[in-house]
Amino acid sequence: MNTVVLNLEPIVHLSDEQFYQLCMANRDLNLELSATGEVIIVPSVGGESGTQEADFITDLNNWNRQTKLGKVFSSSTIFKLPNGANRSPDAAWVKLERWEALTAEERKKFPPLTPDFVIELRSETDRLKPLQDKMQEYLENGLRLGWLINPQDKQVEIYQPGQPVEVVAIPALLVGEEVLPGFELQV
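Keep in mind that what you see is a predicted model, and the values were worked out from it rather than measured.

Definitions and cut-offs
Residue positions are counted from 1 within each chain, in the order its sequence is given. Note on the predicted model: pLDDT of at least 70 is required for a residue's local features to be given, and 80 or more for side-chain atom pairs to be given and counted; whole-chain, interface and lining totals, by contrast, use all residues. Side-chain calculation: all heavy atoms of the structure are included, whereas hydrogens and water are not. Strands are treated as partners if at least two bridges between them are detected by DSSP. Starting at the N terminus, helices and strands are each numbered in turn, a helix being any DSSP run of H or I of at least four residues and a strand any DSSP run of E of at least two. Here, axes are lines fitted to C-alpha atoms. For helices the fit covers the stretch in contact, and angles between N-to-C directions go from 0 to 180 degrees. Contact between two residues is taken to exist if any of their heavy atoms lie within 4.5 Å; hydrogens are not considered. To sort residues, take the accessible area from a 1.4 Å probe on protein chains only and compare it with the maximum for the residue type: under 20% means buried, over 50% means exposed, and anything in between is partly exposed. Note on aromatic contacts: the rings of Phe and Tyr and the six-membered ring of Trp form a pair at centre separations within 6.5 Å, being stacked when their planes are under 30 degrees apart, edge-to-face when over 60 apart, and tilted otherwise. Comment: the charge-over-ring label is applied if NZ (Lys) or CZ (Arg) is within 6 Å of the ring centre and within 35 degrees of the ring normal. An expected span of 1.5 Å times one less than the residue number is assigned to each helix. Whenever a carboxyl oxygen of Asp or Glu lies within 4 Å of a side-chain nitrogen of Lys or Arg, that contact is scored as a salt bridge.

**Student:** Describe the sheet that holds strand 7 (residues 91-95), listing the residues and the values that go with them.
**Tutor:** The six strands are arranged 4-7-8-9-10-11 in an open sheet whose pairing can be described as mixed. Pairing within the sheet leaves two strands with one partner each, and these edge strands are strand 4 (70-74) and strand 11 (166-169). Averaged over neighbouring strand pairs, the angle between their axes works out to 15° when direction is ignored. Relative to strand 8 (residues 117-121), strand 7 is paired through three bridges, and the arrangement is antiparallel. Bridge pairing in strand 8 places Ala91 opposite Ile119. Contacts from helix 2 (residues 47-67) reach strand 4, strand 7, strand 8 and strand 9 (145-150), with the element oriented near 170° to strand 4. Running over the sheet, helix 5 (residues 128-140) touches strand 8, strand 9 and strand 10 (155-159) and is turned about 175° from strand 9.

Take a look at the structure:
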């Protein structure tokens, strides 16, 4: 199954609460909402992508448990970005101080912030351009570091504010820079 985009804007503009309720009523679907109001139905991934994603989250979480610098999130978490989009990266990390600044209600629903760090893993069903656009959207909304891992083309795109996208060949050792001090990920 490929990604499906529904343009509801001619009919209805979903409020934050309506989109949240739509997601809760359709828990079997992976939904996102673009800044322009399009509902995006993201297909599930296969075994290869699923196990890679799990490995990346495990490595990130192991580092975070040692450092206690933030919170790690899976691809099931939707973040409400400042531009109004609701996005769910494959893995995300938020600095602890930013997470703790949210209210209990904000933490319970879709956190209204852009993660400090995200990983997007291109699966067999993903087209590259929409993922690159999504990474740019994260950057424009405050992302500090992002990795777009693209096994099909054997490369990783590294996104950082104010810098051109850096492309490295796989296999590679990715480092967390100042955002995730001491974190390394072998891909």
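**Student:** So what about the environment of Leu185? Which residues, and what values?
**Tutor:** Note on placement: Leu185 falls in strand 13 (residues 184-186). Among the residues examined, Leu185 registers a relative accessible area of 0% and is labelled buried. Considered as a pair, Leu185 and Ser15 are 170 residues apart in the sequence and their alpha carbons are 38 Å apart.

**Student:** Before we move on, could you go through the packing of aromatic side chains and cite the residues and values that matter?
**Tutor:** For the structure shown, the criterion picks out nine aromatic pairs. When the ring of Tyr20 is compared with that of Phe110, the centres are 5.0 Å apart and the planes differ by 65°; the resulting orientation is edge-to-face. Of this pair, Tyr20 sits in helix 1 (residues 16-25) while Phe110 sits in the loop between helix 4 (104-108) and strand 8; the two residues are 90 residues apart in sequence, bridging distant segments of the chain. Relative accessible area serves as the criterion here: at 15%, Phe110 is assigned to the buried category. Over the face of the ring belonging to Tyr20 we find Lys109, whose NZ or CZ atom lies 4.9 Å from the ring centre.

**Student:** Hey, could you go over the environment of Val4 for me, with residue numbers and the actual values?
**Tutor:** When you line up the elements, Val4 lands in strand 1 (residues 4-7). Taking the C-alpha atoms as reference, Val4 lies 33 Å from Gly70; in sequence the two are 66 residues apart. With sequence-adjacent residues up to four places away left out, Val4 is seen in contact with Val39, Ile40 and Ile41.

**Student:** Give me the pairing of strand 2 (residues 30-33): which residues, what numbers.
**Tutor:** Put simply, side chains in a regular strand alternate between the two faces of the sheet. Sheet topology note: the strand 2/strand 3 (residues 38-42) ladder contains four bridges and is antiparallel. Its bridge partner being in strand 3, Leu31 is matched across the sheet by Ile41. In this structure, the hairpin formed by strand 2 and strand 3 is closed by a connection of four residues, where Gly37 is found at a positive phi of approximately 95°.

**Student:** Residue-level account of helix 5, with values.
**Tutor:** Compared with an ideal rise of 1.5 Å per residue, which puts 13 residues at 18 Å, helix 5 spans 19 Å between its outermost C-alpha atoms and is within 8% of the ideal. Looking only at helix 5, the buried set comprises Leu128, Leu131, Lys134, Met135, Glu137, Tyr138 and Leu139. As for helix 5, its buried residues are in contact with strand 2, strand 6 (86-87), strand 8, strand 9 and strand 10. At the C-terminal side of helix 5, Gly142 shows a positive phi close to 115°.

**Student:** Quick rundown of the side chain of Gln160? Include the residues and the values.
**Tutor:** Its location among the elements puts Gln160 in the loop between strand 10 and strand 11. Taking relative accessible area as the criterion, Gln160 reaches 12% and is therefore assigned buried. Residues within four places of Gln160 in sequence aside, it is in contact with Leu139, Arg144, Leu145 and Glu177.

**Student:** I'd like a description of the pattern of salt bridges, backed by residues and values.
**Tutor:** Counting across every chain of the model gives 11 salt bridges. Between Glu137 and Arg87 there is a salt bridge; the shortest N-O distance is 2.7 Å. Of this pair, Glu137 sits in helix 5 while Arg87 is found in strand 6, placing the two residues 50 residues apart along the sequence. Of the charged contacts in the structure, one is a salt bridge between Lys129 and Asp133, with a shortest N-O distance of 2.6 Å.

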